[in-house]
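# Fold and geometry: a report
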Amino acid sequence: MKRNLASLLGGALIFLGIMIPIGTIPVVFALPPEYRSQTRLMIPPSPKVLLESEAEIIQSRRILSVVVTNLNLPRRFAEQHKMEQDMPPEVALALLQRQVNVKVHPTTRILETSVYSRDRSEAADIANEIANVYLASAAADAIDPGNPARLLDAASPAFRPSRPNRPLAMASSMAVGLSLVLGGAWLIYASWKNRNRSSKPVPPALPAV
């Protein structure tokens, strides 16, 4: 009974190992590509300022709501979603918050703001506007009036999409599939080997002298 279960489990693992890469292909290629653009800001050293706090300010509602207004994102997002009327500003703000990510580099005091969008130009426009709004804000002025935060690198439209990472997704699915196939084959082989071992005739015991 245990040998049959091992064989069934091995077959199931082989089936999954084959189906995972096959199923990954349409999913990965059906997802719309997203482009990433980023800006880099240099934050001057100050005992009163934490980089993590500035990162939160950059992606806060206070900054992003101004970006929504300046770039007329309710109209732009509505066009992308095939809406006849402008998107409510709160909804546009919520969508924008999902597109923004701020990375902290403590050793260099650099904040990298990344924006993801299906439109490569829009990603760059938003990233640059976020940097402009932050640098013009009271929060940035309060760091050090004599040594203000400054823009190191402006964003530019990306040449290739960053999400989904199709080569990585395919390689990962194939690696998982191969592992499952090998595991299933090993279970079947072990079950077959044990079955042959148990089916060998046992020689009769020799009579006692």
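An account of the accompanying structure is given in this report.

The next subject is the layout of surface pockets. Taken as a whole, the largest pocket spans an internal volume of roughly 350 Å³. Along the wall of the largest pocket there are 12 residues; nearest its centre are Glu34, Gln80, His81, Gln99 and Arg118. Among the elements of the structure, α4 (73-80), α5 (89-99) and β3 (110-117) are those that each provide at least two residues to the lining of the largest pocket. Looking at the lining of the largest pocket, the element that brings in the most residues is α5, giving 3 residues. A per-class count over the lining of the largest pocket returns 3 nonpolar, 4 polar and 5 charged.

On to the packing of α4 against α5, then. Where α4 meets α5, the axes come as close as 9 Å, and the angle between the chain directions of the two elements is 75 degrees. Considered as vectors, α4 and α5 are oriented roughly perpendicular to each other. From α4, Leu73, Pro74 and Phe77 reach across to α5, where they touch Pro89, Ala92, Leu95, Leu96 and Gln99. Residues of the contact of α4 with α5, tallied by class, amount to 7 nonpolar, 1 polar and no charged.

Reading the values: the criteria
Residues numbered from 1 in each chain as written. Predicted model: local features only at pLDDT ≥ 70, side-chain atom pairs only at ≥ 80, totals over all residues. Heavy atoms only, no water. 1 Å grid on protein atoms, 1.4 Å probe; cavity = no way out; pocket = protein on both sides within 12 Å on 5 of 7 lines; lining within 4 Å. Points joined across faces, edges and corners; volume = space filled by probe spheres on them. Helix = DSSP H or I, 4+ residues; strand = E, 2+ residues; numbered from the N terminus. Nonpolar A, V, L, I, M, F, W, Y, C, P; charged D, E, K, R; others polar. Axes fitted to C-alpha atoms, helices over the stretch in contact; angles between N-to-C directions. Parallel < 35°, antiparallel > 145°, perpendicular 65-115°, else oblique. Contact = heavy atoms within 4.5 Å.

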